[in-house]
Amino acid sequence: MGGWAVVEVEERHHQVLGVVHHGINQHLGSHHQTFTIIEVRHQIVAGTNYQFIVETEDHKRIQVKVFEPLPHTNQAAHVTAAVYL
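In this text the structure is predicted, and so the values were computed from the model without any measurement. (Residues numbered from 1 in each chain as written. Predicted model: local features only at pLDDT ≥ 70, side-chain atom pairs only at ≥ 80, totals over all residues. Heavy atoms only, no water.)

Two orientations exist for strands paired in a sheet by backbone hydrogen bonds: parallel and antiparallel. With antiparallel pairing, the five strands of this open sheet are ordered in space as E1-E2-E3-E4-E5. Both edges of this open sheet fall to strand E1 (5–7) and strand E5 (78–84), since each of them pairs with a single strand only. On average, each strand axis in the sheet is tilted by 25° relative to the strand beside it, whichever way the strands run. Lying over the sheet, helix H1 (residues 11–28) contacts E1, strand E2 (35–45), strand E3 (47–56), strand E4 (61–69) and E5, oriented at roughly 65° with respect to E5. (Pairing = 2+ DSSP bridges. Helix = DSSP H or I, 4+ residues; strand = E, 2+ residues; numbered from the N terminus. Axes fitted to C-alpha atoms, helices over the stretch in contact; angles between N-to-C directions. Contact = heavy atoms within 4.5 Å.)

Structure below.
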């Protein structure tokens, strides 16, 4: 367990973002079709916290916080916060 660390964008991050795509739009009350990852930070806890900076198809930037539980819990990643920057 530790602090937040900036990490290189990997395929895994795109997968997590795909799982929470609908949740991002729900948090924002929006209907964005695409999110391009600009930056990823993560924090290892009892699972993984992610902080994504993404850009939408209309060039809006959003900070998205996601929690991904440990695999043995069989729970999906979910959005904990999403705000326009």
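Relative to the 26 Å expected for 18 residues at 1.5 Å per residue, H1 spans 25 Å between its end C-alpha atoms, a close match to the ideal helical length. Those residues of H1 not exposed but buried are His13, Val16, Leu17, Val20, Gly23, Ile24, Asn25 and Leu28. Looking at the buried residues of H1, the elements they touch are E1, E2, E3, E4 and E5. A positive backbone phi angle near 65° is found at glycine 29, which sits one or two residues after H1. (Expected span 1.5 Å × (residues − 1). Buried < 20%, exposed > 50% of the residue type's maximum accessible area, 1.4 Å probe, protein only.)

The next thing to look at is the side chain of threonine 48. Secondary-structure assignment places threonine 48 in strand E3. In this structure, threonine 48 is in contact with His42, Gln43, Val66, Phe67 and Glu68, ignoring residues within four places of it in sequence.

Within the secondary structure layout, glutamate 55 lies in strand E3. Glutamate 55 sits 50 residues away from alanine 5 along the chain, and the two C-alpha atoms are 20 Å apart. Not counting residues up to four positions away in its chain, the partners in contact with glutamate 55 are Thr34, Phe35, Thr36, Ile38, Lys60 and Arg61. A polar contact is formed between the side chain of glutamate 55 and the side chain of arginine 61, at a distance of 3.2 Å. (Polar contact = N/O pair within 3.5 Å; in protein donor to acceptor, adjacent residues only side chain to side chain.)

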